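Chain by chain, the residues run as shown.
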Amino acid sequence: MQNPTARLQAAVQKRRGATAAKANAAAAEKPTAPRLLSKSSAETVMASASLSTRALFKCGPKAFRNSHLHGYLKSVVSFPVSQASDSLYSPIRVVNRAYGSNLIVTALESRGLNTALSSTNGSLKVPERVTVLVIGGGGREHALCYALERSPSCDAVFCAPGNSGIAQSGDATCIPDLDITSSEAVISFCHNWGVGLVVVGPEAPLVAGLANDLVKAGIPTFGPSSEAAALEGSKDFMKKLCDKYNIPTAKYRTFTNPADAKQYVKDQGAPIVVKADGLAAGKGVVVAMTLDEAFEAIDTMLVEGSFGSAGSHVIIEEFLEGEEASFFALVDGETALPLESAQDHKRVGDGDVGPNTGGMGAYSPAPIVTEELKKKVMESIILPTVKGMAAEGCKFVGVLYAGLMIEKKSGLPKLIEYNVRFGDPECQVLMMRLESDLAQVLLAACQGELGKVSLTWSPELATVVVMASEGYPGVYKEGTVIKNLDEAEQVSPAVKIFHAGTAFDTDGNFVAAGGRVLGVTAKGKDIEEARAKAYDALDVVDWPEGFYRHDIGWRALKHRHMFAH
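Anyway, here's the lowdown on the structure attached to this text. Position labels on residues start from 1 in each chain and follow its written sequence. With the structure being a predicted model, the display of local features is reserved for residues of pLDDT at least 70 and the display and counting of side-chain atom pairs for 80 or more, all residues being used for whole-chain, interface and lining totals. Side-chain measures here rest on the full set of heavy atoms in the structure, leaving out hydrogens and waters.

### Points about the overall build of the chain
By definition, any uninterrupted DSSP run of H or I lasting at least four residues is a helix, any uninterrupted run of E lasting at least two residues is a strand, and each is numbered from the N terminus. Within the chain one finds 18 helices and 29 strands. The 565 residues of the chain split such that 56% are buried. Contacts: residue pairs with any heavy atoms within 4.5 Å of one another. Sequence-distant contacts, at least 24 apart, represent 70% of the contacts inside the chain between residues at least 6 apart. Computed by Shrake-Rupley with a 1.4 Å probe, the accessible areas treat only the displayed protein chains as cover when residues are assessed. When the accessible surface of the chain is summed, it comes to about 23100 Å², and 53% of that surface belongs to carbon and sulfur atoms. With a 1.4 Å probe rolled over the protein chains alone, any residue whose accessible area is under 20% of its type maximum counts as buried; one over 50% counts as exposed, and the rest are partly exposed.

The structure is reproduced here in structure tokens:
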């Protein structure tokens, strides 16, 4: 019987061969696509190239267990590269894969230059080469690694801790042993490996002050300071900012005494919303349709202390009726650059029933976010927030993720809450559609230069369907085997599977290691095509203990049908 290591290597070689074949086919159809060269071909290029340009050649590490790198020697070799007429910077770089010692060399031709320049309003600018470290290990971080790995100006992408799926995909080199709760450890890694940009994915390290320490150490970091991260870390802070700077949001009161909170609920009536003030892993919000549900939520937070210090204060908020939408904007402290719209599906079941989750699927763009509405959101919500934070002495640098309610009666947007990082799973569909050089865009945000940046997006629609462990968002079983992921991803070139919670078992199989496990993502010319491709891929995945919603994108379909008629 083939041993686990050999089986894993065989799977990797199969994936590598499929990836190379896909890239070669694309290159044959489109001359500007990246060209994959064998090691021998790369050596020939190096030997025969002129001395006119020098490039940095980073030799990847040897393979480690589970395709993760637990520490390896850094090897850098400069070699001459012939000057290409359609490129202003080194046309060859190594794409550092997390598995195996074989090298995959990518020739960056005019596609790389065009993509890079699209991020700088077309101005003739040599892109800054950068090595990036992504903090986190979920589906959002996998999507960021995927986009960064495609960035022409990105030399290498590290992800800490990452996960098995990120490592095997080759979208990043995973560093599972790096303690991301230790600023000292992260700073040391960045200095040792020449990291020129850190992208912090989750909210917890931001609230804890990781960005503060990295910036103090002189490391460009995309993510807000702990003071600015209070926009997500404390709903009471966010609400008070809204009051002070006239940002439209739901009427609210903050309580620490359960009796006072219950009396306010009685006075206001149901439905009503009860929120834990602090971070509660997406579970600290209860939309109470009855008074008893509201009372139970208050007791859970203030009496039982189920959310710890995060629930020591509760916000009682008016219930807003309408359609929710996610709105994202990159911020450099003073300037805000809106991203494309997206719409999440929070409820666990088809037809938006059951408890709230971290998100069961999403699509982009969201038809409800029209250009007119986008302008209103920027003028009434995003820009006042950016200016207000600066006035309060805590400039915001990072991504503002506004959860909006488009009110049914007025059609106007109101702010439900802020997140200070990319949404998950919205990030997956946004990164699938982004065509600009993400590394350069995020660097511009860190350097206060977003005013010089414009973004290019694919005109196609993208959708992601989340596969979760049976029982989520309640009690679920870990360690169940997931098969046929390579086959599912090969259903269409427009399909990409992002790993949110996977690991390897002793036999080299992918297993579930979380509640939300996979984000099966696809692009299409319209919502029907994108949905069809995603669900076709889902049909191939063999995971009896997993489940997913079957109606992701139903609001977009509804809008499309209304428009058609």
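### Topic: the nonpolar core
Nonpolar cores are built from buried Ala, Val, Leu, Ile, Met, Phe, Trp, Tyr and Cys residues. Side-chain atoms within 4.5 Å join them into one set. Within the largest apolar cluster, 57 residues are counted, with the highest numbers of intra-cluster contacts made by Leu133, Val198, Leu231, Ile382, Leu415 and Tyr418. Here this core gets 7 residues from one element, more than from any other, and that element is helix H13 (residues 371-391). Excluding residues within four positions of it along the chain, Val198 makes contact with Leu133, Ile135, Cys190, Leu214, Ile219, Pro220, Thr221 and Phe222. Listed in part, the 48 residues of the second largest apolar core include Leu144, Cys159, Ala172 and Val399.

### Remarks on the packing of aromatic side chains
Aromatic ring pairs: the centre-centre distance and the angle between the two ring planes describe each pair. Each Phe, Tyr or Trp ring, with Trp reduced to its six-membered ring, pairs with another whose centre is within 6.5 Å; inter-plane angles below 30 degrees give stacked pairs, above 60 give edge-to-face pairs, and intermediate values give tilted ones. Under the counting rule described, the total for this entry stands at 11 aromatic pairs. Ring geometry for Phe189 versus Trp193: centroids 6.1 Å apart, planes at 25 degrees, classification stacked. Highlighted residues: Phe189 and Trp193, both in helix H6 (residues 183-193), separated by 4 residues, approximately one helical turn. With relative accessibility at 10%, the residue Phe189 sits in the buried group. Residue classification places Trp193 among the buried residues on the basis of a relative accessible area of 17%. In this structure an aromatic cluster arises from ring pairing among Phe222, Phe328, Tyr401 and Phe422.

### Focus: the sheet that holds strand S16 (residues 336-338)
Taken in spatial order, the 4 strands line up as S16-S15-S21-S22 in an open sheet, and their pairing is antiparallel. Looking at which strands have only one partner, the edges of the open sheet turn out to be S16 and strand S22 (413-419). Neighbouring strand axes in the sheet, compared pairwise and without regard to direction, differ in orientation by 35 degrees on average. Where strand S21 (residues 397-407) lies against S22, 6 bridges are found, and the strand directions are antiparallel. Looking at S22, one finds that Ala402 is bridged to Tyr418. Two strands make a pair as long as DSSP finds a minimum of two bridges between them. Throughout, an axis means a line fitted to C-alpha atoms (over the contacting stretch in the case of helices), and angles, computed between N-to-C directions, take values from 0 to 180 degrees.

### Things to note about the side chain of Arg555
Checked against the element boundaries, Arg555 lands in helix H18 (residues 554-564). The class for Arg555 is buried, based on a relative accessible area of 19%. If we ignore the near neighbours within four places in the chain, the residues touching Arg555 are Glu323, Gln343, Asp344, Asp352 and Tyr363.

### Things to note about helix H12 (residues 291-303)
Across its 13 residues, H12 extends 17 Å between first and last C-alpha, which sits within 8% of the 18 Å expected from 1.5 Å per residue. Residues Ala294, Phe295, Ala297, Ile298, Met301 and Leu302 constitute the buried set of H12. Buried residues of H12 fall within an arc of 160 degrees about the axis and therefore sit on the same side. Exposed side of H12, more than 90 degrees from the buried face: Asp292, Glu296 and Val303 are the residues found there. Contact partners of the buried residues in H12: strand S11 (252-255), helix H11 (258-268), strand S12 (272-276), strand S13 (285-288) and strand S14 (314-318). One or two residues past the end of H12 sits Gly305, with phi positive at roughly 65 degrees. Expected span, for any helix, means 1.5 Å times one less than how many residues it has. Directions drawn from the helix axis to the C-beta atoms are what define this arc.

### Observations regarding the pattern of salt bridges
When a carboxyl oxygen of Asp or Glu is within 4 Å of a side-chain nitrogen of Lys or Arg, the pair counts as a salt bridge. As enumerated under the stated definition, the model contains 26 salt bridges in all. As a salt-bridge pair, Glu392 and Lys244 come within 2.7 Å of each other at their nearest N and O atoms. Here Lys244 lies in helix H10 (residues 235-244) and Glu392 lies in the loop between H13 and S21, a separation of 148 residues in the sequence. Look at Lys244 and you get exposed, because its relative accessible area is 53%. Arg433 is the salt-bridge partner of Glu340, the closest N and O atoms lying 3.1 Å from each other. Here the residue Glu340 occupies a position in the loop between S16 and strand S17 (343-344), and Arg433 occupies one in helix H14 (residues 426-433), the gap between them amounting to 93 residues. Note on Arg433: relative accessible area 3%, which makes it buried. Each of the salt bridges in this network shares a partner with another, and the network as a whole consists of Glu340, Glu371, Lys374 and Arg433.

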